[in-house]
Amino acid sequence: MNRFAELLDRLVLTPSRNGKLKLITDHFRAVEDPDRGLALAALTGDLDIASVKPAMLRQLVSERMDPVLFGYSYDYVGDLAETVSLVWPEPSRNASPVTPPPLTPPHKGEGNVDASESPSPLWGGVRGGGSQEHDPKPKPQTLADVVAALQSASRSDGPAVLARLLDQAETSARFAIIKLVTGGLRIGVSARLAKQALADLGPVDVAEIEELWHGLTPPYAELFAWLEGKAPKPEQAAKAPFRPVMLSNPLSDGDLEKLAPADYAAEWKWDGIRVQAVSEGGIRRLYSRTGDDVSGAFPDVVASMDFDAALDGELLVGVPREATGTFSDLQQRLNRKTVSAKMQDRYPAFVRCYDLLQLNGEDLRGLAFTERRARLETFIATLDPDRFDLSPIIAFESWQQLEGMRSAPPHPIIEGVMLKRLDSAYLAGRPKGPWFKWKRDPHTVDAVLMYAQRGHGKRSSFYSDYTFGVWSGAEGQEELVPVGKAYFGFTDEELRQIDKFVRDNTIERFGPVRSVRADKSNGLVLEVAFEGLNRSTRHKSGVAMRFPRISRLRWDKPPAEADRIETLQALLD
Amino acid sequence: MRARDLLHPRPEGLYCPPGDFYIDPVRPVERALITHGHSDHARPGHAKVLATRETLDIMAIRCGPGFAGSTQAMALGDKIKVGDVTVSFHPAGHVLGSAQISVQHNGLRIVASGDYKRASDPTCAAFEVVACDVFISEATFALPVFRHPDAAHEIGKLLKSVQQFPERAHLVGAYALGKAQRVMRLLRDQGYDKPIYIHGAIARLSEYYQHQGVDLGELQPATVEDGDKSDFAGAIVIAPSSAFADRWARRFPDPLACFASGWMRIRQRAKQGGVELPLIISDHSDWIELTDTIKETGAGEVWVTHGREEALVRWCELNGISARPLHLVGYEDEGD
């Protein structure tokens, strides 16, 4: 348990992706089954433990310490799970060599103290640590012990089981246990990253892990055995498995000159999320492009998957033949475990299909694009037209003609065009050549640098994360409202220049953040490129940028001439 | 006599009328008794200073030889009359030279702890309990959330990370007086025998510790005049944490920020400071040490100063000890 807890502690504070991968892979190497597999399940969100409400935690801790002292502690720390893990009585410290002198009995009615009963009067009213009194030296708990105890606990004995586990754990382990039972580790590790760490352990391609994933269950002993070369690759056991998706490369300068228009089909690139709709042997699953099962959020789509096939397409909201909703609309439906009828009615989801990977037991991935496309067109005609439609092929003769259509697409949620080589098979990963994405040019805005935050690792002595704003308010009373944050897009030399600007123009500091001079005549204007805007209730400006990055430093431009919020608002509609 | 007639707060600091002196005054005074060398307790400009030999030496290193009009060194345990009161110094276990100050007059004894800790520290004398009527306790970490783990365990985390990330330089932020040297000594205790690289701000105090018989092993200045960045791959570098944000830190390859402090027990504190590897090593008492110590002194009354006074006062109330916050101004919360 301590090793898992230590892993969580390090992951929370390690900002770099490579650093996280190294920590997770090392953990998998150092820890035996089944603990490492349970750690993996905890990271990917596949550990099934009944959750505990915050109120229950409060109740447990209030039985153990003075509520006033707990209140001071909670105020100071700010996070309930962390506070409880820190203040929970530490049985080992009861055995400290200190011999307390006899105490004056506390005043009547003063808190819940009873000194004669408490083994730890140091505690300011903490009562004894439960099982510790009977078992002063428990063997160290493993993650497996903890998971087993939590999974077998009933609703009524849940609190007692949790308390016993906390009594036997050290501080970090207590935090980890509380995180496990309150659901959601929130340590900045995605399921995808955990799978990449597994792949590094092999090493194998992460696509192989994703393909197997849905047939496996914790603690994944056969998966680890394969990755360590001690057993053959596990058989794909699941019905309706995920098939690793084929990805495109961005079109770079000069690429088009080497490509013949007659070799490629073109499609619109829709601004939704890539999904794989798989229905086989009565099992229906909707996967994200990384193999996460998102079926729960889209029951409307799943209900219409009455076929035996695997479809690749873009998940969008709207009514296919009439209106396609924006990405903001789609966001209403994302990242939900369940979805209300009202939500389904207001934002109906559908899949705009562009490939067919499997049909009635036949694997089509080895076929050429043109053949798959022909099968897809026939097949789509048999499906519910409110839930599945076809991504149209764009007819074009020359790249110039296509460029014209790309820069003036017929629909606002088109973000460019896709080029697919007519003779290409469906290959996992991102092979260079068969598929290209040719995105619409990004939006740009001139914004003013407002805050800068120090980076991490190689950038830890540089102010490298920038919050920027645009003007808002009536004429003469304009003020800057923050509209986004970016930390890349500039060269190392530009980073040095901005860092110097930040240090020379700091007006206030808050920990690692500095606010810099930013008024009409003093400040740094940044040209920020971004892919789109969403409405946001979380930001004062009401907008949230997608994929913002610094495209140019406008040392030449006075801040007064930076853009206004209305420029961005116009993009929302 | 009443305790408050023997010692009470004034804007200059804690004042003793019958002895006409201040303890750790924050403004220049005629006569000052200094508990230890941290800059918020030991300030220059007093006419007369009474402190341990080590504290006087440290003040001279930090503030220059003319830091006071005249000085007098006190040996630990010796008694001396200052005005009408009997004064003695007793080890506080905080940093080299740190002392509690006992003030006795007409059968009443008050002990001002200064800053103190009970955990073992190979770089200074261990805290001694002094029985007293009134105990003045610091409260830097006076909340039940603060319980410092074994420092050796924390150093183990650092050494493991150095092994795990041998291509990075581990930058350990540590207070220049006390913490930095304790971390060095703890590293040596665990068999780390490579040179430890240090920031210029730590050099003179570390040299003084070595001079006083605290073996810190080979220390090297963290400079890159002749070498290049890769020289620091896998190295441990100790610096005041303020240096991290500085251009100074750019000389290291992909530095991994560590911070040795009791505050590191709180994750959000570590996160806000951009710390990747928190090391919970403190030169102050944690909650258990504070409450144990109060009981061991047998004091019937406790005055609580700098830190989270309200929690320690509450604990005293729950345990039938009369207590009040002292409201001294001018001491830094960050002194760890």
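About the cut-offs
- Residues numbered from 1 in each chain as written.
- Chains lettered and ligands numbered in written order.
- Predicted model: local features only at pLDDT ≥ 70, side-chain atom pairs only at ≥ 80, totals over all residues.
- Helix = DSSP H or I, 4+ residues; strand = E, 2+ residues; numbered from the N terminus.
- Rg over C-alpha atoms; globule rule 2.2 N^0.38 Å.
- Buried ≥ 20, exposed ≤ 12 C-beta atoms within 10 Å, placed from the backbone.
- Pairing = 2+ DSSP bridges.
- Contact = placed C-beta atoms within 7 Å.
- Axes fitted to C-alpha atoms, helices over the stretch in contact; angles between N-to-C directions.
- Parallel < 35°, antiparallel > 145°, perpendicular 65-115°, else oblique.
- Nonpolar A, V, L, I, M, F, W, Y, C, P; charged D, E, K, R; others polar.
- pLDDT = per-residue confidence, 0-100.

Enquirer: What is the right way to read the overall build of chain B from this model?
Expert: For chain B, the count of helices and strands is eight helices and 19 strands. Taking 336 residues into account, the globule formula puts the C-alpha radius of gyration at 20 Å, and chain B, at 20 Å, falls close to it. The principal-axis extent of the C-alpha atoms belonging to chain B is close to 65 × 45 × 30 Å. By residue count, 56% of the 336 residues in chain B fall in the buried class.

Enquirer: Help me understand the sheet that holds strand β1 (residues 249-250) of chain A in this model?
Expert: What links the strands of a sheet is backbone hydrogen bonding, and the strands pair in either a parallel or an antiparallel sense. All names here are of chain A. One open sheet accounts for five strands, arranged β1-β12-β11-β2-β10; its pairing is mixed. The open sheet has two edge strands with one neighbour each: β1 and β10 (393-394). Of the pairings in the sheet, the one linking strand β2 (residues 264-270) to β10 comprises two bridges and is antiparallel in character. Bridging across to β10, Glu-267 finds its partner in Ile-393. Along the sheet, helix α18 (residues 399-407) makes contact with β2, β10, β11 (414-421) and β12 (435-439), crossing β11 at roughly 150°.

Enquirer: Would you explain the packing of helix α1 (residues 2-13) of chain A against helix α2 (residues 17-30) of chain A in this entry?
Expert: Helix packing for two helices is described by the angle between their axes and how far apart those axes are. Residues and elements named next belong to chain A. Where α1 contacts α2, the axes come no closer than 10 Å and their chain directions differ by 175°. Taken together, α1 and α2 sit at an angle that is classed as roughly antiparallel. Residue-level inspection shows Arg-3, Leu-7, Arg-10 and Leu-11 of α1 in contact with α2, the latter providing Lys-20, Leu-23 and His-27. Classifying every residue of the contact of α1 with α2 gives three nonpolar, one polar and three charged.

Enquirer: Explain the interface of chain A and chain B here, please?
Expert: Quite often, the size of an interface is put as the accessible area lost when its parts meet. Facing the 43 residues of chain A at the interface are 40 residues of chain B. For the side of chain A that touches chain B, the elements supplying multiple residues, two or more each, are α1, α2, α5 (67-77) and α6 (80-87) of chain A. Broken down by element, the residue count for the side of chain A that touches chain B peaks at six residues, all from α5(A). A class-by-class count of the residues in the side of chain A that touches chain B yields 20 nonpolar, 13 polar and 10 charged.

Enquirer: Just checking my understanding: could you explain the confidence of the model for chain B for this structure?
Expert: Close reading of the predicted structure is inappropriate where its pLDDT is low. When pLDDT is averaged across chain B, the result is 93; 96% of the residues are at 70 or more. Here the predicted complex carries an ipTM of 0.93, next to a pTM of 0.79.

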